[in-house]
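# Structural features, examined
As a plain string of letters, each chain reads:
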Amino acid sequence: MRAAVNGWLRVIPVWALWLGGLVPLALLVWDTVNGGLGIDPIRDIEHRLGRTALYFLIASLAVTPVLRITGVSFIRFRRALGLLCFTYAGLHVLSWAVMDMALLWGAMARDVVKRPYLVFGMVSFLMLLALAVTSNNASIRRMGGTAWRRLHKLAYIAAPLVTLHWIWALKTFPLEPVLWLSAILVLLGLRVAIPRPIRWGQAATVK
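What comes next concerns the included structure. (Residues numbered from 1 in each chain as written. Predicted model: local features only at pLDDT ≥ 70, side-chain atom pairs only at ≥ 80, totals over all residues. Heavy atoms only, no water.)

### Quick word on the nonpolar core
Rules: By nonpolar core we mean a set of buried residues, namely Ala, Val, Leu, Ile, Met, Phe, Trp, Tyr and Cys, connected to one another through side-chain atoms within 4.5 Å. Type-normalised accessible area, obtained with a 1.4 Å probe on protein chains alone, sets the label of each residue: buried when under 20%, exposed when over 50%, and partly exposed for intermediate values. Put simply, DSSP H or I for four residues or longer makes a helix, DSSP E for two residues or longer makes a strand, and each gets a number counted from the N terminus. Residue contacts follow a heavy-atom distance rule, with two residues in contact if any of their heavy atoms lie within 4.5 Å.
Core analysis: the largest hydrophobic core is formed by 31 residues, its most contacted members being Leu 54, Phe 56, Leu 57, Leu 61, Tyr 88, Leu 128 and Ile 184. Among the secondary structure elements, those contributing two or more residues to this core are α4 (41–70), α5 (75–100), α7 (116–133), α10 (154–170) and α11 (175–193). Top contributing element to this core by residue count: α4, with 10 residues. The contact partners of Phe 56, leaving out residues within four places of it in the chain, are Gly 21, Leu 81, Leu 84, Cys 85 and Tyr 88. If you look at the next biggest cluster of nonpolar residues, it comprises seven residues, including Trp 96, Ala 97, Met 101 and Met 108.

Below, the structure written as structure tokens:
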């Protein structure tokens with residue numbers, strides 16, 4: 001079964017993931033043009049972009065645990081998942097800077113200092129920026145595999161920070177981001193608890 005699923009995944013082009021990954025953006029544009037947003041459209045645009053970025057970040061974090069536990073490999077899609085995450089994160093920050101703050105850089109700096117949740121958001125965005133800039137083969141060759149892998153472990157820090165940014169921005173204790181934070185912690189815990197792929201065939205022969 002795993003071999004069949006992996007064979008099917010190998011024939012799916014990476015561009016198909018990009019095409020599907022841009023559907024939430026297309027839906028957001030549609031809702032914006034057709035008045036499908038709420039009473040605070042700027043807030044809705046920012047929040048939907050931010051949530052979508054988090055979903056793709058969590059999907060990228062799930063690739064390794066899924067491989068180790070099930071043997072199903074989404075490795076060839078992980079870079080695209082990370083870049084989709086950064087695309088939505090960049091649009092999230094851009095929408096805040098343009099629509100909310102009108103590109104008033106001084107006001108933006110004061111707002112970040114005044115609101116701690118914005119600090120979490122900006123720090124996590126800078127981490128995602130570093131990951132996006134180095135998500136290419138040239139960077140791997142230039143940095144070396146060890147240094148590149150060390151840098152990309154920033155994703156393990158960025159994901160919880162993004163969720164805390166979401167929770168703190170709402171000034172309540174909402175269920176959805178708390179559940180996503182729990183999912184992130186579970187995924188990170190699985191990476192530690194299962195450091196290498198489970199050998200199901202071998203395990204089945206052990207009495």
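On we go.
### Here's the deal with the environment of Ala 16
Of note, Ala 16 is situated in helix α2 (residues 14–21). Taking the C-alpha atoms as reference points, Ala 16 and Ala 132, 116 residues apart in sequence, are found 20 Å from one another.

### Some points on a nonpolar patch on the surface
Going by this rule: Grouping into patches uses exposed residues only, defined as over 30% relative accessible area, and leaves out salt-bridged ones; the cut-off is 9 Å for like charges and 5 Å for nonpolar side chains (Val, Leu, Ile, Met, Phe, Trp, Tyr). Computed with the Shrake-Rupley method and a 1.4 Å probe, the accessible areas treat only the protein chains shown as cover for residues. Here, a salt bridge means any side-chain nitrogen of Lys or Arg that lies within 4 Å of a carboxyl oxygen of Asp or Glu.
Residues Leu 94, Val 98, Met 99, Leu 103 and Trp 105 make up a contiguous nonpolar surface patch of about 500 Å² in total accessible area. At three residues, α5 tops the list of elements feeding residues into the nonpolar patch. Of note, Val 98 is situated in helix α5. In this structure Val 98 comes out as partly exposed when scored by relative accessible area, which is 40%.

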